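# Chains, contacts and geometry: an overview
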Amino acid sequence: TAPPPMLVGFALTPPPPIARPCGVALTPRCGSPHASGLLRRLRSPEVSLVAGGSLLLALVVNRLATEELLNSQSRADLIATVGPVLLMLDGLSNLAITPAEPEPVSLAGGVAVDWLDPVVSGDAR
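The rules we used
Residues numbered from 1 in each chain as written. Predicted model: local features only at pLDDT ≥ 70, side-chain atom pairs only at ≥ 80, totals over all residues. Heavy atoms only, no water. Helix = DSSP H or I, 4+ residues; strand = E, 2+ residues; numbered from the N terminus. Buried < 20%, exposed > 50% of the residue type's maximum accessible area, 1.4 Å probe, protein only. Contact = heavy atoms within 4.5 Å. pLDDT = per-residue confidence, 0-100. Axes fitted to C-alpha atoms, helices over the stretch in contact; angles between N-to-C directions. Parallel < 35°, antiparallel > 145°, perpendicular 65-115°, else oblique. Left-handed = near helix turned anticlockwise from the far one by under 90°. Nonpolar A, V, L, I, M, F, W, Y, C, P; charged D, E, K, R; others polar. Salt bridge = Lys/Arg side-chain N within 4 Å of Asp/Glu carboxyl O.

## Section: the overall build of the chain
- Across its full length, the chain carries three helices and two strands.
- Ordered by position in the sequence, the α and β elements of the chain form the string β-β-α-α-α.
- The buried share among the 125 residues of the chain stands at 9%.
- Long-range pairs, those at least 24 residues apart, make up 53% of the contacts in the chain between residues at least 6 apart in sequence.

Structural data, given as structure tokens:
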């Protein structure tokens, strides 16, 4: 059977691999190990918090240093605060915070409470 007239001369083939200067083929999904390490460090929560805080500080300084505030600058400042705030929220959500272990506290007044649920097995008591 003949192919449909619109597909004459075209073939669906994957794109050729990208060649690096050293001659090693590089597929689009993998990259330099140094680049991935750099990207991982740039995506760290600490860097996100510092970058977002710095950008917000730059916006505040710019706003305070401007003598005549225009409506367009107010709108631009509102829009520009979205990026740093989202960057800081992303950093806070990725920050690994571990709670402190609570210390056991004895009850005041000398009242002893030895209540256990009867459903609890003997090993768990």
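The structure having been displayed, the exposition proceeds.
## Section: the confidence of the model for the chain
- Chain-level pLDDT for the chain is 76 on average; 65% of the residues reach the 70-or-more range.
- Mean pLDDT across the secondary structure elements of the chain bottoms out at strand β2 (residues 25–26), with 49, and peaks at helix α2 (residues 45–65), with 93.
- Low pLDDT, under 50, characterises residues 2–8; the stretch is placed with zero contacts to residues that sit more than four places away or in other chains.

## A closer look at the packing of α2 against helix α3 (residues 71–94)
- Orientation of α2 relative to α3, taken along the N-to-C sense of each, is 160°, at an axis distance of 7 Å. Considering the angle they form, α2 stands roughly antiparallel to α3. As for how α2 packs across α3, the hand of that crossing is left-handed.
- Taken together, the residues of the contact of α2 with α3 sort by class into 12 nonpolar, nine polar and three charged.

## Re the pattern of salt bridges
- By the definition in use, this model includes one salt bridge.
- When the shortest N-O distance is used, the salt bridge between D77 and R63 registers 3.0 Å. Here the residue D77 occupies a position in helix α3, and R63 occupies one in helix α2, the gap between them amounting to 14 residues.
- For R63, a relative accessible area of 30% gives the class partly exposed.

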